[in-house]
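Chain by chain, the residues run as shown.
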Amino acid sequence: MSAMLLLFVCLILGTVVARFAKPPAGIVPGINWWVLNVALPALVLELIPKVKFDPQLWFPVAAMWLTFGGAWLLFGLLGPRLGWSRQRTGALILVCGLGNTAYMGYPLIEALHGKPGLALAVVADQIGAFPVLASAGIVVASIYSGRTPQPGLIARRIVTFPAFVALVIGIVVGLFGGWPALLDGVFTPIGATLTPLALFSVGLQFKFHPGQRQLGAASWGLGWKLLLAPLLCWVLGVATGVGGLVLTVGVLQAAMAPMVSAAILADEYELEPTLANTVLGAGIVLSLITIPLGNLLLGR
């Protein structure tokens, strides 16, 4: 309960600070830079060498691709029938196909399942969600904004991302038995800064301005992201014999709120950013209810 309380406090604190305290300009990019380039790589370097090989580890990764691929198929078919613009369709594919598997996924999974769950959450995020964002996410953004995807840029984004580099190093170190205790003690406190800072940053960026014309599309998007996608991932896991903590974490990561970076990408490519931010804000609030509830159902 104390871990869950920390998540709420950090999120609410960020919201209150953004509204009343007039934080300095550039605080959000500064916090995000630390989280992505220092805290997240440190956490990956701490956890990945401790992950024991499990033939079921394909599932958390596949769940991320199923969530995105299903969103692309669903909204790609639904959009023209409901009279959506290409920008609206592209925005929903991005924000409802990509989950907040790091900023919210890591602290929520750790609060619910401790370090073993967090290690699996890192696998889902770094081998699943991040490559989806950097590859298929860029392709969708380019197609629905009328631009041409650049394979070279996509590949460069993946291989130079600090956490991906840390992932490769962590796998190699794990094969050789892990870090010396002295180094492990360095990575742990640095990685621990990710949870409070990430949720504080989400709170600072929280926006929820639904318009009447957005409610239908937002409902479709959140219905997929928070309910249908995790249900399909659960069906896939059970049908293929996946169980235990691997199944639970894979499904919960698929059920996370929309990804902050996906909303930023939608804004960058001019894919109805107001809708993207509405879905993002509503998804964050709702996921604080649906994730613990989903965890209880999976526990049964």
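Residues numbered from 1 in each chain as written. Predicted model: local features only at pLDDT ≥ 70, side-chain atom pairs only at ≥ 80, totals over all residues. Heavy atoms only, no water.

Let's talk about the overall build of the protein chain
The helix and strand tally for the protein chain stands at 13 helices and 0 strands. Taking 300 residues into account, the globule formula puts the C-alpha radius of gyration at 19 Å, and the protein chain, at 18 Å, falls close to it. Oriented by its inertia axes, the alpha-carbon framework of the protein chain measures out at about 60 × 50 × 45 Å. Split into buried and exposed, the 300 residues of the protein chain put 50% on the buried side. The contacts in the protein chain between residues at least 6 apart in sequence include a share of 86% that link residues at least 24 apart. Counting every atom, the protein chain has about 13600 Å² of accessible surface; 71% of that belongs to carbon and sulfur. (Helix = DSSP H or I, 4+ residues; strand = E, 2+ residues; numbered from the N terminus. Rg over C-alpha atoms; globule rule 2.2 N^0.38 Å. Buried < 20%, exposed > 50% of the residue type's maximum accessible area, 1.4 Å probe, protein only. Contact = heavy atoms within 4.5 Å. Areas by Shrake-Rupley, 256 points an atom, 1.4 Å probe, with all protein chains shown as cover.)

Remarks on unusual backbone geometry
Its identity is not glycine, yet E270 carries a phi of approximately 60°, on the positive side. One can find E270 in the loop between helix 12 (260-268) and helix 13 (273-299). The exposed category is assigned to E270, whose relative accessible area is 61%. In this structure, E272 takes a positive phi of about 40° despite not being glycine. The residue E272 is located in the loop between helix 12 and helix 13 in this model.

Some words on the UniProt feature "transmembrane region" (unreviewed entry) in the protein chain
Following the UniProt record, the feature "transmembrane region" (unreviewed entry) maps to residues 57-78, 90-109, 129-146, 158-179, 185-206, 227-255 and 275-298 here. Overall, residues 129-146 shows 94% helix and 0% strand. The separation of its end C-alpha atoms is 24 Å. A distance of 34 Å separates the end C-alpha atoms of residues 185-206, which is 91% helix and 0% strand. (UniProt positions renumbered as here; feature names shortened; annotations may be inferred.)

Things to note about the environment of L175
With respect to the helices and strands, L175 occurs in helix 7 (residues 162-175). Considered as a pair, L175 and V38 are 137 residues apart in the sequence and their alpha carbons are 23 Å apart.

Here we look at helix 10 (residues 215-239)
Compared with an ideal rise of 1.5 Å per residue, which puts 25 residues at 36 Å, helix 10 spans 34 Å between its outermost C-alpha atoms and is within 8% of the ideal. Every buried residue belonging to helix 10 is among A217, A218, G221, L222, W224, K225, L226, A229, P230, C233 and G237, and all of these are buried. Residues of helix 10 that are buried sit in contact with helix 3 (58-81), helix 4 (86-97), helix 11 (244-254) and helix 13. Looking one or two residues past helix 10, G241 carries a phi angle of roughly 85°, positive in sign. (Expected span 1.5 Å × (residues − 1).)

Describing the nonpolar core
In terms of nonpolar packing, the biggest core is built from 99 residues, with F75, L94 and Y106 touching the most fellow members. Of the residues forming this core, the biggest block, 19 residues, is contributed by helix 5 (residues 105-145). With residues near it in sequence (within four places) discarded, F75 still touches P80, W84, T89, L92, I93, C96, W220, G221 and W224. (Core = buried A, V, L, I, M, F, W, Y, C linked by side-chain atoms within 4.5 Å.)

Considering the pattern of salt bridges
Counted under the stated rule, the structure contains 3 salt bridges. In this structure, the salt-bridge partner of E272 is R88, at a minimum N-O distance of 2.7 Å. Here R88 lies in helix 4 and E272 lies in the loop between helix 12 and helix 13, a separation of 184 residues in the sequence. Across this residue pair, the class does not change: E272 and R88 are buried. (Salt bridge = Lys/Arg side-chain N within 4 Å of Asp/Glu carboxyl O.)

With respect to the side chain of Q126
Counting through the fold element by element, Q126 comes out in helix 5. In this structure the side chain of Q126 is engaged in a polar contact, spanning 2.9 Å, whose partner is the side chain of D125. Discounting residues that sit within four places of it in the chain, Q126 has contacts with L40, V44, Y106, P131, F161, A163, F164 and L167. (Polar contact = N/O pair within 3.5 Å; in protein donor to acceptor, adjacent residues only side chain to side chain.)

A few points about the packing of helix 5 against helix 11
Remark: helix 5 packs on helix 11, axes separated minimally by 9 Å, with the N-to-C direction vectors making an angle of 90°. In terms of orientation, helix 5 and helix 11 fall into the roughly perpendicular class. Each of G105, I109, L112, H113, P116, G117, L120, A121, A124 and D125 in helix 5 lies in contact with helix 11, whose residues at this interface are L245, V246, T248, V249, L252 and Q253. Class assignment for the residues of the contact of helix 5 with helix 11 results in 10 nonpolar, 5 polar and 1 charged. (Axes fitted to C-alpha atoms, helices over the stretch in contact; angles between N-to-C directions. Parallel < 35°, antiparallel > 145°, perpendicular 65-115°, else oblique. Nonpolar A, V, L, I, M, F, W, Y, C, P; charged D, E, K, R; others polar.)

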